[in-house]
Amino acid sequence: MKTTLATLTLCLVVLMATGFPLEKKGGSASGSAAKEKRVQYAAWDDVNVIAHGLLQLGQGLKEHVDKTKVQMRDISTKLKVFNRTVAELGKESQKLRVEGEALKVQARGLEDREGQLLNVTAELREKAEEMQQERRTMSERMNRLEEKVDSMLQGEPGLSDTNAGTKNKSDAHNIQLMLEAQNRRIDDLMERIRLQQEKLDKQNVRIRTLQSHIQQSKQRPSPRSSNTERSGIVEQGDSPVEVASDCHELFLRGETTSGVYTIKPINAEPFKVFCEMTVDGGWTVIQRRQDGSVDFDQQWHAYQKGFGNLNGEFWLGLEKIHTIAKDGGYILNIKLSDWGDDFASVRLPFRLGGEETKYTLQTMEVGTFSTLETSLGTDATSGLPFSTSDQDNDQKNDLNCAKHLSGGWWFSNCGRSNLNGRYFQSPPPKQRHQRKQGIFWKTWRGRYYPLKTSMIMIAPAAIENKS
Ligand SMILES: [Ca+2]
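Residues numbered from 1 in each chain as written. Predicted model: local features only at pLDDT ≥ 70, side-chain atom pairs only at ≥ 80, totals over all residues. Heavy atoms only, no water.

Per an unreviewed UniProt entry, the protein chain carries the name Fibrinogen C-terminal domain-containing protein and comes from Pleuronectes platessa. Database annotation for the protein chain, UniProt heading Subcellular location (unreviewed entry): "Secreted". (UniProt positions renumbered as here; feature names shortened; annotations may be inferred.)

The structure is reproduced here in structure tokens:
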């Protein structure tokens, strides 16, 4: 390119220097025609040279332009590729930046958590230290107390004064007494808590049964319309619901008619009972005397199994009573009447042991017993085993109360009560040795008054809260 341009410039310079032949028209025409002609030829040669040069120049330019074009194309292709790469790199770096941000956030979160963990650990350590400190203080106190008690119990041999020794001994004795009283109180409290717990458990069972009963009755409307009383026996519905554990549960399930029902105490076989339904709940009747139709002068086995007619006079049986009331939390409800149709009622919270305890009746004293209650309540607070003529478990050493009187009962000294004695119609025999065999409750109508009727029923103590 440079060469071509240089050639062209050179040509033009030569032309200028020689004086362009075409411009030399005004010379002497006569004298110099041949010379003019030569100059003309020379000028044509120059033109030719110039034209050739120009042609070469043009060609050169064209080649150069072509080459440049190719080069430009190359460059633009390369630029495009470069641009694309730059864009991709930009995207990549963007992505990396985003990832970096996310990582930063995660790192911050981890730092926070680490901080929290450190805080919790510090708190825990503090608490542990506090607890250790407390333990140390407690053990110091215990040691001091032990030392004191020891020195008191040993009467402080270091002390020469015998009076001080005696005082310490009596102090130690007092402390022992206090401790014993405290222990008794704690035992008492524990017992009460246990009873409450039992009651709660029972209530829970009832609530669950009631709930399932409600569910069932919702699904199966009114299957009870056919339940009518037949000769005193109330038929229970053929319900898939679990059999009630006692009469009060039946009452809670909606039964309000007194009569014979089947119950199934927890962990026991089902059996029939007479339920006395009252406004405040369902009572399971365990004994009834009303007309002397059943002989109550029976032996141990009969009293254990039960006898009589559930719709008339009967003894339910010690084993059955035990299965209902074995867990405590039950009350004994005794209803008595005399020949003037006066009525008396005694309620005693109680527990009944099993055969291994000779069906020991234990009454719980709530406050103090009323005079009426003492005929059974007082002697049974420490537990009274059941006695029959063939099983003397009473508290009278030289006498068999059951044989001396009649029937089976929780006898103490033969003279307080016997609701299973002989039934005497009115008027009763005149002889006292006969009359004393009758049904009696000493603190109501006296030792020698044979009562007209007696009914003993039991129900969970919860029934008391309603009545
Ligand atoms: Ca005896």
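### Topic: the packing of aromatic side chains
Under the definition given, this model contains 11 aromatic pairs. Feature note: the residues Phe296, Trp300, Tyr303, Phe307, Trp315, Tyr359, Phe386, Trp409 and Trp410 constitute an aromatic cluster, connected by ring pairs. Sitting above the plane of the Phe296 ring, Arg289 keeps its charged end 3.8 Å from the centroid. When the ring centre of Phe440 is taken as origin, the NZ or CZ atom of Arg447, which lies over that ring, is 4.1 Å away. (Phe/Tyr/Trp six-rings, centres within 6.5 Å; stacked < 30°, edge-to-face > 60°. Lys NZ or Arg CZ within 6 Å of the ring centre and 35° of its normal.)

### Some thoughts on the pairing of strand S8 (residues 330-337)
With respect to burial, S8 is a largely interior element, 7 of its 8 residues being buried. Alignment of S8 against strand S9 (residues 343-352), held across 8 bridges, turns out to be antiparallel. Its bridge partner being in S9, Lys335 is matched across the sheet by Ser345. Connecting S8 to the antiparallel partner S9 that follows it, the hairpin turn spans 5 residues, and Asp341 within it adopts a positive phi of roughly 60 degrees. (Buried < 20%, exposed > 50% of the residue type's maximum accessible area, 1.4 Å probe, protein only. Helix = DSSP H or I, 4+ residues; strand = E, 2+ residues; numbered from the N terminus. Pairing = 2+ DSSP bridges.)

### A look at the side chain of Asp280
By the element assignment, Asp280 lies in the loop between strand S4 (271-278) and strand S5 (281-289). For Asp280, which is buried and forms no salt bridge, the nearest opposite charge comes from Arg347, at a distance of 4.4 Å. Within polar-contact distance, the side chain of Asp280 engages the side chain of Thr278 at 2.9 Å. Within the structure, the side chain of Asp280 is placed 3.5 Å from the side chain of Trp283, a separation counted as a polar contact. (Lys, Arg positive; Asp, Glu negative; His and termini not counted. Salt bridge = Lys/Arg side-chain N within 4 Å of Asp/Glu carboxyl O. Polar contact = N/O pair within 3.5 Å; in protein donor to acceptor, adjacent residues only side chain to side chain.)

### Things to note about a negative patch on the surface
Side chains of Glu123, Glu126, Glu129, Glu130 and Glu134 sit close together on the surface and give a patch of like negative charge. Tracing the chain through its elements places Glu129 in helix H2 (residues 33-153). (Patch = residues over 30% accessible without salt bridge, like charges linked within 9 Å, V, L, I, M, F, W, Y side chains within 5 Å. Areas by Shrake-Rupley, 256 points an atom, 1.4 Å probe, with all protein chains shown as cover. Charge placed at Lys NZ, Arg CZ, Asp CG, Glu CD.)

### Some thoughts on the state of the cysteines
Going through the model one piece at a time under the given rule, you end up with 2 disulfides. Two residues, Cys247 and Cys275, share a disulfide whose sulfurs are 1.9 Å apart. Because the sign of the S-S torsion sets the handedness, a value of about -75 degrees for the bond joining Cys247 and Cys275 places this disulfide among the left-handed ones. Remark: Cys275 occurs in strand S4 and Cys247 occurs in helix H4 (residues 247-252); sequence separation between them is 28 residues. Each member of the pair, Cys247 as well as Cys275, is classed as buried. Across the disulfide, Cys401 is cross-linked to Cys414 (sulfur-sulfur distance 1.9 Å). Between Cys401 and Cys414 the sulfur-sulfur dihedral comes to about -80 degrees; the bridge is accordingly left-handed. With a gap of 13 residues between them, Cys401 in helix H8 (residues 401-404) and Cys414 in the loop between H8 and strand S11 (417-418) connect regions that are remote in the sequence. Summarising the burial analysis for this pair, Cys401 and Cys414 share the class buried. Here the bonded cysteines of the protein chain are numbered in sequence order, and their pairing is 1-2, 3-4. (Disulfide = S-S within 2.5 Å.)

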